[in-house]
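Secondary and tertiary structure notes
One-letter residues, chain by chain:
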Amino acid sequence: MLEIELTYPKPVPNRSLNIWSNPVFMQTVAEISNFIPWHLVCYKGTTIVAVLPLYEKKILGCRVLKRSSLSYYQGLNLWLNENSLPARKLLDALQITTAIAKGLKSHFKRIRINLTPETYDIRGFLWNKMQAVPFYTFVHNFNSELKPLPDKRRDLNQAKEQNYTLEEGLNIEEFISLLKILKIKKNWNPNCDYQGLTDFIRILYREGMLRQMNLIQQGKIVGSNLILQDGNKVYNIYQVTEDTALKKGACSFHTVKLIELLQKEGFQELDFCGSSIPEIARFNSAIGLQLKVFFQIRSSAIV
């Protein structure tokens with residue numbers, strides 16, 4: 001018998017939560033976004049078998065689950081019996097997602113959450129008359145070789161002549177400055193005020209969850225990205241490049257050098273968190289990244 005409970009985000013005894021469910025991460029996102037954070041906890045008897053991170057906002061008296069731009073995914077934590085047969089694990093996971101779907105519908109009027117690509121069996125949600133909309137992201141598995149297309153190889157050769165170097169270091173002011181330029185030139189909206197984003201970076205950097213990797217030319221930052229570390233995975237949540245450097249292959253060089261560095265550090269996969277902007281999607285495909293599907297779970301009503 002499975003039971004569902006909503007609790008304020010907190011550590012789970014003898015369990016390792018993914019970064020999207022980390023209580024400090026969630027509290028930071030919720031405070032900046034003006035949301036209420038929750039853990040939807042699934043119990044089998046007295047044992048916790050799943051945790052799903054949620055963000056609530058009251059709209060006209062209704063309980064609504066919203067997404068924050070600061071939390072690209074709301075990754076499901078699922079703990080199955082390692083000694084079970086594959087068929088039993090599949091059935092157990094289906095029972096858990098079914099219970100979660102029922103719990104979501106019983107507590108919230110409207111729902112919108114992004115599951116991570118690892119949660120690909122979404123039948124439990126569909127069978128409870130919820131929507132599962134496919135979205136896409138680009139990833140690089142460090143066990144595979146990166147094979148850029150010819151135009152990106154030309155970009156890389158051009159970038160090598162610019163004496164770029166990749167250096168790690170926190171410089172929020174320079175990152176925000178590049179982000180503002182990107183917003184103007186590309187008409188791109190980060191969906192977060194700059195002070196909120198500054199606080200997000202500062203807090204998560206202090207907690208050891210976030211790193212800033214900068215592309216340097218003659219002592220100046222011409223490109224920068226923010227990554228979240230989650231066990232053997234890394235999420236590239238923001239990447240910005242100066243326009244002049246972009247035309248000289250800086251973004252390609254930055255991406256390749258980041259992959260090389262993280263591979264040396266022993267990570268298994270780098271997720272670039274999305275492919276919805278056509279220009280960026282074309283770049284990620286040409287540089288040699290792999291396309292992965294993930295699902296956005298919605299209630300029947302349009303949110």
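Residues numbered from 1 in each chain as written. Predicted model: local features only at pLDDT ≥ 70, side-chain atom pairs only at ≥ 80, totals over all residues. Heavy atoms only, no water.

**Thoughts on the environment of Leu204**
With respect to the secondary-structure elements, Leu204 resides in helix α6 (residues 194-206). Along the primary structure Leu204 and Phe272 are separated by 68 residues, whereas in three dimensions their C-alpha atoms are 18 Å apart. With near-sequence residues (within four places) excluded, Leu204 lies in contact with Phe25, Thr28, Met209, Leu210 and Leu228. (Helix = DSSP H or I, 4+ residues; strand = E, 2+ residues; numbered from the N terminus. Contact = heavy atoms within 4.5 Å.)

**Thoughts on the pattern of salt bridges**
Counted by the stated rule, this structure contains 16 salt bridges. The salt bridge partner of Arg63 is Glu56, with a shortest N-O separation of 2.9 Å. As a salt-bridge pair, Glu168 and Arg211 come within 2.9 Å of each other at their nearest N and O atoms. Of this pair, Glu168 sits in strand β8 (residues 165-168) while Arg211 sits in strand β9 (residues 210-217); the two residues are 43 residues apart in sequence, bridging distant segments of the chain. The exposure class assigned to Glu168 is partly exposed, which follows from its relative accessible area of 47%. On the basis of relative accessibility, which here comes to 10%, the residue Arg211 falls in the buried class. Each of Glu118, Lys233, Glu269 and Lys292 takes part in salt bridges that share partners, so that together they form one network. (Salt bridge = Lys/Arg side-chain N within 4 Å of Asp/Glu carboxyl O. Buried < 20%, exposed > 50% of the residue type's maximum accessible area, 1.4 Å probe, protein only.)

**Here's the deal with the packing of aromatic side chains**
Scanning the entire structure with this criterion turns up 12 aromatic pairs. Geometrically, the ring pair formed by Phe25 and Phe200 is edge-to-face, given 6.0 Å between the ring centres and 75 degrees between the ring planes. Placement of the pair is Phe25 in helix α1 (residues 23-33) and Phe200 in helix α6, with a sequence separation of 175 residues. With respect to class, Phe25 is no different from Phe200; both count as buried. Look at Phe135 and Phe294: their rings are 5.9 Å apart centre to centre, the planes differ by 25 degrees, and that puts the pair in the stacked class. (Phe/Tyr/Trp six-rings, centres within 6.5 Å; stacked < 30°, edge-to-face > 60°.)

**A word on the packing of α1 against α6**
Running from N to C, α1 and α6 point in directions that differ by 165 degrees, and their axes come no closer than 10 Å. By the angle class used here, α1 and α6 are roughly antiparallel. Seen along the crossing, α1 lies across α6 with a hand that is right-handed. Of the residues in α6, those in contact with Phe25, Thr28, Val29 and Ile32 of α1 are Gly196, Asp199, Phe200, Ile203 and Leu204. Of the residues assigned to the contact of α1 with α6, the class counts are six nonpolar, two polar and one charged. (Axes fitted to C-alpha atoms, helices over the stretch in contact; angles between N-to-C directions. Parallel < 35°, antiparallel > 145°, perpendicular 65-115°, else oblique. Left-handed = near helix turned anticlockwise from the far one by under 90°. Nonpolar A, V, L, I, M, F, W, Y, C, P; charged D, E, K, R; others polar.)

**Side note on the confidence of the model for the protein**
Predicted coordinates in regions of low pLDDT should not be interpreted in detail. On average, residues of the protein carry a pLDDT of 93, and 96% of them reach 70 or more. Across the protein, element-level confidence peaks in strand β5 (residues 77-78) with a mean pLDDT of 98 and bottoms out in helix α5 (residues 172-186) with 82. (pLDDT = per-residue confidence, 0-100.)

**Observations regarding α1**
Taken together, the buried positions of α1 are occupied by Pro23, Phe25, Met26, Thr28, Val29 and Ala30. Residues of α1 that are buried sit in contact with β2 (36-44), β3 (47-59), α6 and β10 (220-230). With a side-chain oxygen positioned 2.9 Å from the backbone nitrogen of Val24, the residue opening α1 is Asn22. Of the residues one or two after α1, Asn34 is the one with positive phi, at around 60 degrees. (Polar contact = N/O pair within 3.5 Å; in protein donor to acceptor, adjacent residues only side chain to side chain.)

**Section: the sheet that holds β10**
Note on sheets: strands pair through backbone hydrogen bonds, and any given pair is parallel or antiparallel. Taking strand neighbours across the sheet as the criterion, the eight strands line up as β6-β13-β7-β12-β11-β10-β9-β8 in an open arrangement whose pairing is mixed. Strands with a single pairing partner mark the edges of an open sheet, and in this sheet they are β6 (112-114) and β8. Each strand of the sheet is rotated relative to its neighbour by a mean of 30 degrees, with strand direction disregarded. (Pairing = 2+ DSSP bridges.)

**Looking at a nonpolar patch on the surface**
On the surface, Tyr136, Leu291 and Val293 cluster together into a nonpolar patch covering about 270 Å² of accessible area. Following the sequence through the fold, Val293 ends up in strand β13 (residues 290-298). Its relative accessible area of 33% is what places Val293 among the partly exposed residues. (Patch = residues over 30% accessible without salt bridge, like charges linked within 9 Å, V, L, I, M, F, W, Y side chains within 5 Å. Areas by Shrake-Rupley, 256 points an atom, 1.4 Å probe, with all protein chains shown as cover.)

**Digging into the state of the cysteines**
According to the stated counting rule, one finds zero disulfides in the structure shown. The thiol sulfur of Cys273 is not disulfide-bonded, and the nearest other cysteine sulfur, from Cys251, lies at 15 Å. Owing to a relative accessible area of 12%, Cys273 belongs among the buried residues under this scheme. (Disulfide = S-S within 2.5 Å.)

**What to know about the nonpolar core**
Trp20, Phe25, Phe175, Leu197, Phe200, Leu228 and Ile237 are the most contacted members of the largest nonpolar core, which has 32 residues in total. Among the elements of the structure, α1, α5, α6, β9, β10 and β11 (233-241) are those that each provide at least two residues to this core. Counting residues per element, this core draws most heavily on α5, which supplies five residues. Counting 26 residues, the second-largest nonpolar core is a separate cluster that includes Val234, Ala250, Cys251 and Ile287. (Core = buried A, V, L, I, M, F, W, Y, C linked by side-chain atoms within 4.5 Å.)

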